[in-house]
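Here's the letter readout for the chains.
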Amino acid sequence: MKVSRFTFNMFGVNTYILWDDISRDAIIVDPGMIDDKECKIIDDFIKNNKLRLKHLVNTHMHIDHSFGIGYMMQNYDLKLECNIADQFLAERLMQQAKMFGLPMLINELQINVELNEGDCVTVGGEKLLILHVPGHSPGSIVIYAPDSSFIISGDVLFNSSIGRSDLPGGNYRQLVGAIKEKLMILPDDTVVYPGHGMETTIGNEKRNNPYI
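Rules and cut-offs
- Residues numbered from 1 in each chain as written.
- Predicted model: local features only at pLDDT ≥ 70, side-chain atom pairs only at ≥ 80, totals over all residues.
- Heavy atoms only, no water.
- Helix = DSSP H or I, 4+ residues; strand = E, 2+ residues; numbered from the N terminus.
- Rg over C-alpha atoms; globule rule 2.2 N^0.38 Å.
- Buried < 20%, exposed > 50% of the residue type's maximum accessible area, 1.4 Å probe, protein only.
- Lys, Arg positive; Asp, Glu negative; His and termini not counted.
- Charge placed at Lys NZ, Arg CZ, Asp CG, Glu CD.
- Pairing = 2+ DSSP bridges.

## Some remarks on the overall build of the chain
Each helix and strand in the chain was counted, giving six helices and 14 strands. Over its C-alpha trace the chain gives a radius of gyration of 16 Å, about what one expects of a compact globule, namely 17 Å for 212 residues. Expressed along its principal axes, the backbone C-alpha trace of the chain runs to roughly 45 × 40 × 25 Å. Counting the 212 residues in the chain, one finds 52% classified as buried. Distance from the positive charge centre (19 side chains) to the negative charge centre (27 side chains) of the chain: 2 Å.

As structure tokens, then:
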């Protein structure tokens, strides 16, 4: 499984395309494109690599990870896949924009496909496992590729840090507990691709993350 990262919008959100080099099947995670220029970057990458997008998955429904969802749904005939516990956030994207002082219009969204603990999303011949790791938001999920030894952690786990828990639906104790229960049991060499910043590994976070 190949992982390509793109950093978009004023929040520096990492958008990922995971793709199979043989079938060219692909999944986009947390599309954060905020304007035509950023959308073109994704369009060109998909075209140049002859990819076939099969899934659009959001790790959670905070606005910085959601700017490009409508574009991807409309232009690639995709459905929004996410944990349903974040539906209330999907319905309040405009309120989230106002909270951050963003003078923009963004439509509310409906989660079309519910992703729960233990579900799988298949790309090519590889299964991606869904881990429900709440605390940053009630529906925060992590995508785990055991065969390729990586996770897409969204805003749950960062390099030497963890996600905020002071936003609506956040819970610090729940977040730390879920990270320890669901992520720290993964092999140490598992690469962590976070929603912001650079990648790390599970082993590095076990040794150096002050929150864990």
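## Considerations on the sheet that holds strand β14 (residues 200-201)
With mixed pairing, six strands are arranged side by side in an open sheet as β7-β8-β9-β10-β13-β14. Looking at strand neighbours, the two that pair on one side only are β7 (120-123) and β14, the edges of this open sheet. Note that strand β10 (residues 150-154) and strand β13 (residues 191-194) share four bridges and pair parallel. Note that in β13 the partner of Phe-150 across the bridge is Val-191.

Just geometry here; none of it tells us what the structure is for.
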